[in-house]
Amino acid sequence: MATTTHPAQLPAPPAAALAISAELGRLIAAEIKRGGGRLSFARYMELALYAPGLGYYMAGARKLGRDGDFVTAPEISRLYGRTLARQLQELAASGLDEILEIGAGSGALAADILLELEQLGCLPRRYLLLELSPDLRERSRNTLFARAPHLLERVAWLNQLPPRFAGIVLGNEVLDAMAVHRVIRCGGDTLEGFVQFDGAGRNFLDMEWPASDALRQAAGELPLPEDDYRTEIQLVARGFIRSLGAVLERGVALFFDYGFPRHEYYHLQRNRGTLMCHYRHRAHEDPYFLPGLQDITTHVDFSAIAGAGRDTGLDLLGYTSQAQFLVNCGITDILAETPADDAAAYAPLAAGAQKLLSPAEMGELFKVIALGRGMTGPLLGFANGDRRYTL
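This brings us to the pattern of salt bridges. Close approach of charged atoms allows side chains of opposite charge to pair. Tallied over the entire structure, the rule returns 22 salt bridges. The shortest N-O distance in the salt bridge between Arg-185 and Glu-226 comes to 3.0 Å. Of this pair, Arg-185 sits in strand β7 (residues 181-186) while Glu-226 is found in the loop between α7 (213-220) and β10 (229-233), placing the two residues 41 residues apart along the sequence. For the salt bridge of Arg-387 with Glu-364, the shortest nitrogen-to-oxygen distance reads 2.8 Å. Taken together, the residues span a long stretch of sequence, with Arg-387 in the segment after β17 (366-373) and Glu-364 in the loop between α13 (343-357) and β17 at a distance of 23 residues. Given the relative accessible area of 32%, Glu-364 is considered partly exposed.

Structural data, given as structure tokens:
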């Protein structure tokens, strides 16, 4: 887990990285000028993360792992991908023989899944990786080449969703990295968060502006307080789920991310939202610190994700904590395959399992949601502890 830090205490980046951030800052500044002195925060976040060649995910800096800014579950332990493969084995038995992973990351999850499915005798016909980042595309290729070269013929990389798809869709920490609209409730009115320059034209600052009709309507559907409340609405993530629903002919989509049901996300006491930035394994709350060199994320409103799925005819097949999902899929059995008296092999696996399962680590904050079309019967990962009723 990242340590919360004030931006002034964060380590300085090398000169080359500072130059990239400065160039991205000039690009964003030009958009602010063209917009009459303001830019929606959603657009700012999109540019900070995805501007071609400059945004956080589109430039070459290392993002994942111990040398990056954060660590995801597949990097913590191979138990994660191996356990997830047990759910995929069940789905393969129903005739779903293709997998589409949204966001390849380092390629660790794809390698773990493919190698485990090979052992289980149910390799997919194709494993597709939708990855926009040139850096992560290269890293995922290198990982798969090193760990599963004999399975590369089954793997292909995509730039966008296919026009039609039947199979299994996976997304690990994808939804939290999609741009959000910031919402401010003030005196009974709904305002939107925008970005401006300070008087000297050097620093980005928050500003508030009347919300668009679409954002005002979305906010009106939420249980937001009348005053002194700042939060986020994930219109982009909702749109992505609708797009996915439009192409998924038959199959299941599983998304793993940190977040809450709506009634928890928009709790009265969560009055400053959930936006968080990650830089060198330190967390802070300033999205304007070194744009392009830090990750910007928010928690996921899983009620909204379920609703977006329903909008395109997808069924809600399950929702639970990451810990419950992994236990249902047999993570403890997989761990037990390694003898406990073999300390060199067992200790790191047990430590990884602890991080994945502990309520104080990832076990409770991270959730799993399953959406699908044309599927019947309960899914293994939600056999116990299904929380669909909370959405």
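On we go from here.
Once that is clear, we can look at helix α2 (residues 41-50). Counting buried residues along α2, seven of its 10 residues qualify, which places the element largely inside the surrounding structure. Turning to α2, its buried residues are Phe-41, Ala-42, Tyr-44, Met-45, Leu-47, Ala-48 and Leu-49. In this fold, the buried residues of α2 make contact with α1 (15-34), β2 (39-40), β7, β8 (189-197), β9 (204-210) and β14 (295-297).

This next bit is on the environment of Pro-124. Relative to the helices and strands, Pro-124 is located in the loop between α5 (108-120) and β4 (126-130). Of the residues examined, Pro-124 reaches a relative accessible area of 3% and is grouped as buried. Linking Pro-124 and Glu-364, residues 240 residues apart in sequence, is a C-alpha distance of 30 Å. Contact partners of Pro-124, with chain neighbours within four places excluded, come to Asp-97, Glu-98, Ile-99, Leu-114, Leu-117 and Arg-154.

This part takes up unusual backbone geometry. With a phi close to 50°, Glu-173 is a non-glycine residue in the positive phi region. By secondary structure assignment, the location of Glu-173 is in the loop between β6 (165-172) and β7. On the basis of relative accessibility, which here comes to 16%, the residue Glu-173 falls in the buried class. Phi at Leu-290 is positive, roughly 45°, even though this residue is not glycine. With respect to the helices and strands, the residue Leu-290 is situated in the loop between β13 (282-284) and β14. Leu-290 sits in the buried class, given a relative accessible area of 17%.

Ranked by internal contacts, the top residues of the largest apolar core, which has 46 residues, are Leu-84, Leu-88, Ile-113, Tyr-127, Leu-170 and Leu-254. Sequence-distant contacts of Leu-84, defined by excluding residues within four places in its chain, comprise Leu-109, Ile-113, Leu-170, Leu-254, Phe-256 and Phe-325.

Now for the packing of α1 against α2. It is at 10 Å that the axes of α1 and α2 come closest, and there the two elements cross at 155°. By the criterion of interaxial angle, the relationship of α1 to α2 is roughly antiparallel. Crossing of α1 against α2: the hand is right-handed. Contacts between α1 and α2 involve Leu-24, Leu-27, Ile-28 and Glu-31 on the former and, on the latter, Arg-43, Tyr-44, Leu-47 and Ala-48. Split by residue class, the contact of α1 with α2 holds six nonpolar, no polar and two charged.

So, about the packing of helix α4 (residues 78-92) against α5. Packing of α4 against α5 brings their axes to within 8 Å, and their N-to-C directions diverge by 50°. Here α4 is positioned oblique relative to α5, judged by the angle of their axes. At the point where α4 passes α5, the crossing takes the right-handed sense. Across from Arg-78, Tyr-80, Gly-81, Arg-82, Leu-84, Ala-85, Arg-86, Leu-88 and Gln-89 in α4, the residues of α5 making contact are Leu-109, Asp-112, Ile-113, Glu-116, Leu-117 and Leu-120.

Right, let's get into the packing of aromatic side chains. In this description, an aromatic ring pair is defined by two values, namely the gap between the centres and the angle between the planes. On inspection of all chains with the given rule, the structure shows 17 aromatic pairs. Both rings, one in Tyr-258 and one in Phe-366, keep their centres 5.2 Å apart while their planes meet at 70°; by these two values the pair is edge-to-face. Separated by 108 residues along the polypeptide, Tyr-258 in strand β11 (residues 248-260) and Phe-366 in strand β17 bring together distant segments of the chain. Exposure class is identical for Tyr-258 and Phe-366. Each is buried. Taken together, a centroid distance of 5.5 Å and an interplanar angle of 65° make the contact between Phe-325 and Phe-382 edge-to-face. Residue Phe-325 is found in helix α11 (residues 322-328), and its partner Phe-382 is found in the segment after β17; the two are separated by 57 residues along the sequence.

Time to look at the pairing of β6. Summarising burial for β6: seven of the eight residues are buried, a large majority. Sheet topology places strand β3 (residues 98-102) next to β6; four bridges connect them, and they run parallel. The residue bridging Leu-100 from the neighbouring strand is Val-169, located in β6. As paired strands, β6 and β11 are joined by eight bridges and run parallel to one another. Of the residues in β11, the one forming a bridge with Ala-166 is Arg-250.

About the criteria used
Residues numbered from 1 in each chain as written. Predicted model: local features only at pLDDT ≥ 70, side-chain atom pairs only at ≥ 80, totals over all residues. Heavy atoms only, no water. Salt bridge = Lys/Arg side-chain N within 4 Å of Asp/Glu carboxyl O. Helix = DSSP H or I, 4+ residues; strand = E, 2+ residues; numbered from the N terminus. Buried < 20%, exposed > 50% of the residue type's maximum accessible area, 1.4 Å probe, protein only. Contact = heavy atoms within 4.5 Å. Core = buried A, V, L, I, M, F, W, Y, C linked by side-chain atoms within 4.5 Å. Axes fitted to C-alpha atoms, helices over the stretch in contact; angles between N-to-C directions. Parallel < 35°, antiparallel > 145°, perpendicular 65-115°, else oblique. Left-handed = near helix turned anticlockwise from the far one by under 90°. Nonpolar A, V, L, I, M, F, W, Y, C, P; charged D, E, K, R; others polar. Phe/Tyr/Trp six-rings, centres within 6.5 Å; stacked < 30°, edge-to-face > 60°. Pairing = 2+ DSSP bridges.

Treat this as a map of the structure, not an account of what it does.
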